[in-house]
Amino acid sequence: MSDHRADRHEGALAEIVVDVAAIRHNVRVLREVAGVPLIAVVKADGYGHGMVEAARAAREGGAEWLAVATVDEAVQLRASGYAGPLLCWLMLPETDLERPVAEGVDLTAYSVAELDAIAEAARAVGLRARVQVKVDTGLSRGGASRADWAAVFARAHDGERDGSWKVTGLWSHLACSDEPDHPANDRQEQAFRAALALAEDSGLRPDLVHLANSAATILRPSARFGAVRCGIATYGLDPAPGHTPDLGLRPAMTVRSRLAVVKHLVAGDAVSYGQRWVADRPTTIGLVPMGYGDGIPRHASHPGGSAEVAVGGKRRPIRGTVCMDQVMVDLGGDPAQVGDEVVLLGGADDVPTAQDWAEACGTISYEIVTRMGGRTVRRHVDTDVVEEGP
Ligand SMILES: *Cc1c(COP(=O)(O)O)cnc(C)c1O
């Protein structure tokens, strides 16, 4: 099962290859580790891997649920043919809630106002909505603030009694799960248990209770509750570098291009805007036709930055400023040709990882993969399937 959309982008200078077999494998591993239902998070176009393709592979790997951030994303997944359990959690007062209610999407409510809006949508479409209530236990992002828990639970219970909805879940989100020893983890888990007790006192009996993201799924058994929400680990990236045991997760994304120019420099030649890198000896430089317009962070070029690509099986450092469309790499005087393959990131042993890029750029691997795109073409392959010849 490999699509050939690349054919329609013959002019693309770089490609993102996503192996759906890796996603399937990672979900299988995570589901086993979790021991409870797995909610695969495919928001933001599947962290740059393709929402619909990632969703399909995650389901094949055993994910019982899918989750996205926005109602739009949920509606897109339904339009792709996915009819199973689906959660979303981000809306504005003007967001159309009738369509997700009609399509059986679980909407997350943070407040009495949101519950009122869901009640109105349920009445309009003549269906019982599916509502999950989110409590804020220490992230101060979405979720009902502690002072509002009782009122939100009471309204949720009212709506359940008057047939507006079924409360299908109760959940929260951790702030520091990638730092397993951070005291916030215990505090948030305690707060979540307090919310569960109060919800029960309020008459709520949610089917699905969940707190853990990828890092907590792997590192914090006490946070697994009735389900886990896994995003980054689904794509084979390490959710808590330095803490995660080796589970054999496989990075699903490879980004590659080819050298568009190769040239010789003499000592004293400066490279790229600002002439911030100057060769201190003769060398060769290769031009990779991908830049910040395609998701390569310009931060990769900060002086002393250590971002690398692989050319001819060797790591090659980026030199000078990352441009909008191109970036230069130091080939160290080794023979190289225009057209030689460049692997910017991937999961093979000898190529840089998204985590390597994140460390070179002062960010996290999530941002590296999610921002990849621009003029690149993305193609899905399935290494579980042996492709037949023409
Ligand atoms: C993105 C997100 C997740 C997934 O987190 P990972 O660290 O990628 O596993 C889970 N829950 C919520 C609320 C999120 O926003």
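Here the structure is shown first, and the text comes after it.
Residues numbered from 1 in each chain as written. Predicted model: local features only at pLDDT ≥ 70, side-chain atom pairs only at ≥ 80, totals over all residues. Heavy atoms only, no water.

### Let's talk about the layout of surface pockets
- When its volume is computed, the largest pocket comes out at roughly 620 Å³.
- Lining the largest pocket are 34 residues; nearest its centre among them are Lys-43, Arg-141, His-173, Asn-213 and Tyr-366.
- Broken down by secondary-structure element, the contributors of at least two residues to the lining of the largest pocket are helix 2 (43–47), helix 9 (214–219), strand 9 (228–230), helix 10 (354–361) and helix 11 (365–371).
- Each residue belonging to the lining of the largest pocket can be placed in one class, and the counts come to 18 nonpolar, nine polar and seven charged. (1 Å grid on protein atoms, 1.4 Å probe; cavity = no way out; pocket = protein on both sides within 12 Å on 5 of 7 lines; lining within 4 Å. Points joined across faces, edges and corners; volume = space filled by probe spheres on them. Helix = DSSP H or I, 4+ residues; strand = E, 2+ residues; numbered from the N terminus. Nonpolar A, V, L, I, M, F, W, Y, C, P; charged D, E, K, R; others polar.)

### Here we look at the packing of helix 3 (residues 51–60) against helix 4 (residues 71–79)
- Running from N to C, helix 3 and helix 4 cross one another at 65°; their axes reach a closest spacing of 10 Å. Here helix 3 lies roughly perpendicular to helix 4, going by the angle between them. The two elements helix 3 and helix 4 meet at a crossing, and its hand is right-handed. Here Met-51, Val-52 and Ala-55 of helix 3 come into contact with helix 4, specifically with Glu-73, Gln-76 and Leu-77. (Axes fitted to C-alpha atoms, helices over the stretch in contact; angles between N-to-C directions. Parallel < 35°, antiparallel > 145°, perpendicular 65-115°, else oblique. Left-handed = near helix turned anticlockwise from the far one by under 90°. Contact = heavy atoms within 4.5 Å.)

### As for the sheet that holds strand 15 (residues 308–311)
- Ordered by their spatial adjacency, nine strands build an open sheet running 11-14-17-16-15-18-10-1-19, and the pairing between neighbours is mixed. Strand pairing shows two members of the sheet lacking a second neighbour, strand 11 (261–265) and strand 19 (377–381), which therefore form its edges. Across this sheet, the average inter-strand angle for adjacent strands is 35°, counted without regard to direction.
- In this sheet, strand 10 (residues 253–258) lies alongside strand 1 (residues 14–19) in antiparallel orientation, the contact comprising five bridges. Across the sheet, residue Val-18 finds its bridge partner in strand 10, namely Met-253. (Pairing = 2+ DSSP bridges.)

### Observations concerning helix 8 (residues 183–201)
- Taking 1.5 Å of rise per residue, the 19 residues of helix 8 would be expected to cover 27 Å, and the 28 Å separating its terminal C-alpha atoms lies within 8% of that figure.
- Taken residue by residue, helix 8 has Ala-184, Asn-185, Gln-188, Glu-189, Ala-191, Phe-192, Ala-195 and Ala-199 as its buried positions. In a view along the axis of helix 8, the buried residues occupy a sector of 165°, so they form one face of it. Facing away from the buried side of helix 8 by over 90 degrees, the exposed positions are Arg-187, Gln-190 and Asp-201. (Expected span 1.5 Å × (residues − 1). Buried < 20%, exposed > 50% of the residue type's maximum accessible area, 1.4 Å probe, protein only. Arc of directions from axis to C-beta.)

### Section: the pattern of salt bridges
- The final tally for this structure, using the stated rule, is 25 salt bridges.
- In this structure, Asp-186 engages Arg-220 in a salt bridge whose closest nitrogen and oxygen atoms are separated by 2.5 Å. Residue Asp-186 is found in helix 8, and its partner Arg-220 is found in the loop between helix 9 and strand 9; the two are separated by 34 residues along the sequence.
- The residue Asp-280 makes a salt bridge to Arg-281 at a minimum N-O spacing of 3.1 Å.
- One salt-bridge network, in which partners are shared between bridges, spans Glu-15, Arg-256, Glu-341 and Arg-379. (Salt bridge = Lys/Arg side-chain N within 4 Å of Asp/Glu carboxyl O.)

### Quick look at the site of the ligand
- The immediate surroundings of the ligand are formed by 14 residues, with Lys-43, Tyr-47, Ser-214, Ile-232 and Tyr-366 found nearest.
- Between a nitrogen atom of the ligand and a side-chain N or O atom of Arg-229, the distance comes to 2.8 Å.
- Here the ligand loses 95% of its free accessible area of 380 Å² to cover by the protein chains.
- Given that more than half its atoms are within 2 Å of the pocket grid, the ligand belongs to the largest pocket.
- When the residues that make up the shell around the ligand are grouped by side-chain class, the tally is seven nonpolar, four polar and three charged. (Near = heavy atom within 4 Å. Polar contact = N/O pair within 3.5 Å; in protein donor to acceptor, adjacent residues only side chain to side chain. Areas by Shrake-Rupley, 256 points an atom, 1.4 Å probe, with all protein chains shown as cover. Sits in = over half its atoms within 2 Å of the grid points.)

### Structural notes on the pairing of strand 6 (residues 129–134)
- With five of its six residues buried, strand 6 lies for the most part within the structure.
- Note that strand 5 (residues 106–109) and strand 6 share four bridges and pair parallel. Bridging across to strand 6, Ala-109 finds its partner in Val-133.
- In this fold, the crossover linking strand 5 to strand 6 by way of helix 6 (residues 112–125) has right-handed handedness.
- Pairing of strand 6 with strand 7 (residues 165–171) involves six bridges; the strand directions are parallel. (Right-handed = clockwise from strand over helix to strand, strands pointing away.)

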